[in-house]
Amino acid sequence: MDLFIDKLAQKFAGNEQNKGVLPGESKEIRELREKVENYEKLLQEMKLVNLKNMESAEKLRDMVEAASETIQTGLAAPAALSEEEKNAAEAAAEADREMIKELFDKQSDTIHKENIKVYRNVQAAVGEGLSEQTKSILEAQQGGFKKSGTGFLKVMSVLIFIAVLADIALKVLPMFGLL
């Protein structure tokens, strides 16, 4: 009797597991995983672009410093220049530094704005994907509960319980002399 009940329980447990997975669910999960992988690739790309931007900003800063040093040494070297020529060259060098600084600041602002746009786009896409995935999981769970066949299990449990009670009664009643 116990062997029969164990086999029956294993059979229904296997059926419940199979009923919990809907045929279209695996396809949806696969699609959602692909979307997540794509989002992760986009995030990696964004990180690479950010690193490249930082490297180019460092190179630009180094170039500005090198140009500034060259200008400083160039201004100090020619002693034959008049005071007016030195002042004019220094003013031109200062104007160039200001222009380079403004360009550098514009580049930093542009890079920052673009990074924010990409981040928000990825965040929105991930949020939408997450809400879609949550809805599909909830629908699958609700569909699984409706189709789980718990009614059949309840009926079988009651029948097995009645059979066990009858078996006990048949074994106990002869002890009391009632049968």
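Not measured: the values here are computed from a predicted model. (Residues numbered from 1 in each chain as written. Predicted model: local features only at pLDDT ≥ 70, side-chain atom pairs only at ≥ 80, totals over all residues. Heavy atoms only, no water.)

Novice: Quick question: what am I supposed to make of the overall build of the chain here?
Specialist: Counting its regular elements, the chain contains 4 helices and 0 strands. For the chain, the sequential pattern of α-helices and β-strands runs α-α-α-α. Counted over contacts in the chain with a minimum sequence separation of 6, partners at least 24 positions apart contribute 84%. About 14400 Å² of surface is accessible on the chain, with carbon and sulfur atoms providing 61% of the total. (Helix = DSSP H or I, 4+ residues; strand = E, 2+ residues; numbered from the N terminus. Contact = heavy atoms within 4.5 Å. Areas by Shrake-Rupley, 256 points an atom, 1.4 Å probe, with all protein chains shown as cover.)

Novice: Is there a simple way to explain the pattern of salt bridges in this structure?
Specialist: A side chain with one charge can pair with a side chain of the opposite charge if their charged atoms come near. As enumerated under the stated definition, the model contains 3 salt bridges in all. The closest approach of N and O atoms between Lys 35 and Glu 132, which form a salt bridge, is 3.1 Å. Of this pair, Lys 35 sits in helix α2 (residues 25–76) while Glu 132 sits in helix α3 (residues 83–146), placing them 97 residues apart in sequence. Of the residues examined, Lys 35 reaches a relative accessible area of 33% and is grouped as partly exposed. (Salt bridge = Lys/Arg side-chain N within 4 Å of Asp/Glu carboxyl O. Buried < 20%, exposed > 50% of the residue type's maximum accessible area, 1.4 Å probe, protein only.)

Novice: What's the story with the confidence of the model for the chain in this structure? I'm lost.
Specialist: In low-pLDDT regions, the fine details of the predicted coordinates are not to be read closely. Taken over all residues, the pLDDT of the chain has a mean of 79, while the share at 70 or more is 78%. This model gives residues 16–22 a pLDDT under 50, and the stretch forms 7 contacts once residues within four places in sequence are excluded. (pLDDT = per-residue confidence, 0-100.)

Novice: Help me understand helix α4 (residues 150–176) in this model?
Specialist: It helps to recall that an α-helix has 3.6 residues per turn; residues three or four apart then point in one direction. Compared with an ideal rise of 1.5 Å per residue, which puts 27 residues at 39 Å, α4 spans 39 Å between its outermost C-alpha atoms and is within 8% of the ideal. After α4 finishes, the residue Gly 177 shows a positive phi value of roughly 80°. (Expected span 1.5 Å × (residues − 1).)

Novice: Before we go on, may I ask you to explain a negative patch on the surface in this structure?
Specialist: A cluster of acidic side chains, namely Glu 28, Glu 31, Glu 34, Glu 37, Glu 40 and Glu 139, defines a negative patch on the protein surface. When residues in the negative patch are grouped by element, the largest group, 5 residues, is from α2. Structurally, the position occupied by Glu 28 is in helix α2. Its relative accessible area of 38% is what places Glu 28 among the partly exposed residues. (Patch = residues over 30% accessible without salt bridge, like charges linked within 9 Å, V, L, I, M, F, W, Y side chains within 5 Å. Lys, Arg positive; Asp, Glu negative; His and termini not counted. Charge placed at Lys NZ, Arg CZ, Asp CG, Glu CD.)

Novice: I keep staring at the side chain of Ser 136 and nothing clicks. Help me out?
Specialist: Here Ser 136 is to be found in helix α3. The residues touching Ser 136, leaving out its near neighbours within four places in the chain, are Glu 28 and Leu 32.

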